[in-house]
Structure formats: structure tokens, C-alpha cells
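# Structural overview for review
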Amino acid sequence: MIDAKQKACEFNIQIHFRVAPFKELCLEITQRPQYTQCYTQGGLIIEKLTIKTEHPLTVKLINPLSNQVVKQQLLSIASYEAKDYRIKRRFGWSL
């Protein structure tokens, strides 16, 4: 979540997956080709990335042999604008 005055949101993501049933999997982040990586080794893969963005991103695991999307997750950015006014509350106590 970002403040309405901020231009971009910077956050850390951590990705855990196994290549196991596939021969190769590629990790791809939409609009970020520099983060695309392919993996062939077995076992648990853990990736930690720091991303700065203004727009929602989709993280995908793709089987490059069949060009099939195995898993995908949307990372959305929410904007929040704080209000500058206060509500005055008065109690109508009278005798």
C-alpha cells in the first residue's frame, strides 16, 4: 500500500517452489524481463527479490518446453489517501 503522494511502491517478495515434476521451470515477472530465470536443478528453489513498481505485477512459473503457465500470482498495489480533517463530536449535555 502506498500513500497517494508516492510514485512507486518498493517491497520484498520471497518465492518458494520445486521443479520436481517438470524438467525445467522459468520464473517470470511481467514488465520485468531482467528478473526472468530458468531452473533445472531439483530440490526447493528460494528466490528473494526487491521490486519497486507503480503498477500491479504478475509472478509466473512457466514450463518453457510446453509454454504452459504452471502457477501465477498477481501482486497488486493499493493507494491510500489520508484525510486532513477531524470530526468534532459534541455531547448535548444540558441541565
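Preceding this paragraph is the structure being described.
To keep things clear, this report deals only with the structure shown in the data block. Keep in mind it's a predicted model, so treat the numbers as computed, not measured.

The strand order across the open sheet formed by four strands is 4-3-6-7, and the pairing between neighbours is antiparallel. Since the sheet does not close on itself, it has two edges, and those belong to strand 4 (37–39) and strand 7 (68–75), each with one partner. Taken pair by pair, the neighbouring strands of this sheet meet at an average axis angle of 15°, ignoring direction. Relative to strand 6 (residues 57–63), strand 3 (residues 25–29) runs antiparallel, the two being bridged by four bridges. The residue of strand 6 that forms the bridge with Cys 26 is Ile 62.

This brings us to the packing of aromatic side chains. Scanning the model with the defined rule gives one aromatic pair in all. Ring geometry for Phe 17 against Tyr 39: centres 5.5 Å apart, planes inclined by 70°, an arrangement best described as edge-to-face. Residue Phe 17 is found in strand 2 (residues 9–18), and its partner Tyr 39 is found in strand 4; the two are separated by 22 residues along the sequence. Tyr 39 shares its class with Phe 17; the two are buried.

What follows deals with the nonpolar core. Among the nonpolar cores identified, the biggest contains 16 residues, and Ile 13, Ile 15, Phe 17, Ile 29 and Ile 51 are the most heavily contacted of them. Mapped by element, the contributors of at least two residues to this core are strand 2, strand 3, strand 5 (44–53) and strand 6. With five residues, strand 2 is the largest single contributor of residues to this core. When sequence neighbours within four positions are dropped, the list of residues in contact with Ile 29 reads Ile 13, Tyr 35, Leu 49, Ile 51, Leu 57, Thr 58 and Val 59.

Counted according to the given criterion, the structure contains one disulfide. Two residues share a disulfide in this structure: Cys 26 and Cys 38, whose sulfurs sit 1.9 Å from each other. For the disulfide bridge between Cys 26 and Cys 38, the dihedral angle about the S-S bond is near 95°, and by the sign convention the bridge is right-handed. Linking Cys 26 in strand 3 with Cys 38 in strand 4, this pair joins segments that are twelve residues apart in sequence. Using a relative accessible area of 9% as the deciding quantity, one classes Cys 26 as buried.

What follows covers unusual backbone geometry. Excluding glycine, a negative phi dihedral is what most residues carry, and trans is how most peptide bonds are arranged. Even without being glycine, Gln 31 reaches a positive phi, approximately 65°. Mapping Gln 31 onto the fold places it in the loop between strand 3 and strand 4. The exposure class assigned to Gln 31 is exposed, which follows from its relative accessible area of 57%. Positioned with a positive phi, Asn 67 is a non-glycine residue whose angle comes to about 55°. Residue placement: Asn 67 occurs in the loop between strand 6 and strand 7. Using a relative accessible area of 63% as the deciding quantity, one classes Asn 67 as exposed.

About the criteria used
Residues numbered from 1 in each chain as written. Predicted model: local features only at pLDDT ≥ 70, side-chain atom pairs only at ≥ 80, totals over all residues. Heavy atoms only, no water. Pairing = 2+ DSSP bridges. Helix = DSSP H or I, 4+ residues; strand = E, 2+ residues; numbered from the N terminus. Axes fitted to C-alpha atoms, helices over the stretch in contact; angles between N-to-C directions. Phe/Tyr/Trp six-rings, centres within 6.5 Å; stacked < 30°, edge-to-face > 60°. Buried < 20%, exposed > 50% of the residue type's maximum accessible area, 1.4 Å probe, protein only. Core = buried A, V, L, I, M, F, W, Y, C linked by side-chain atoms within 4.5 Å. Contact = heavy atoms within 4.5 Å. Disulfide = S-S within 2.5 Å.

Honestly, that's just the spatial picture; any functional story needs more than this.
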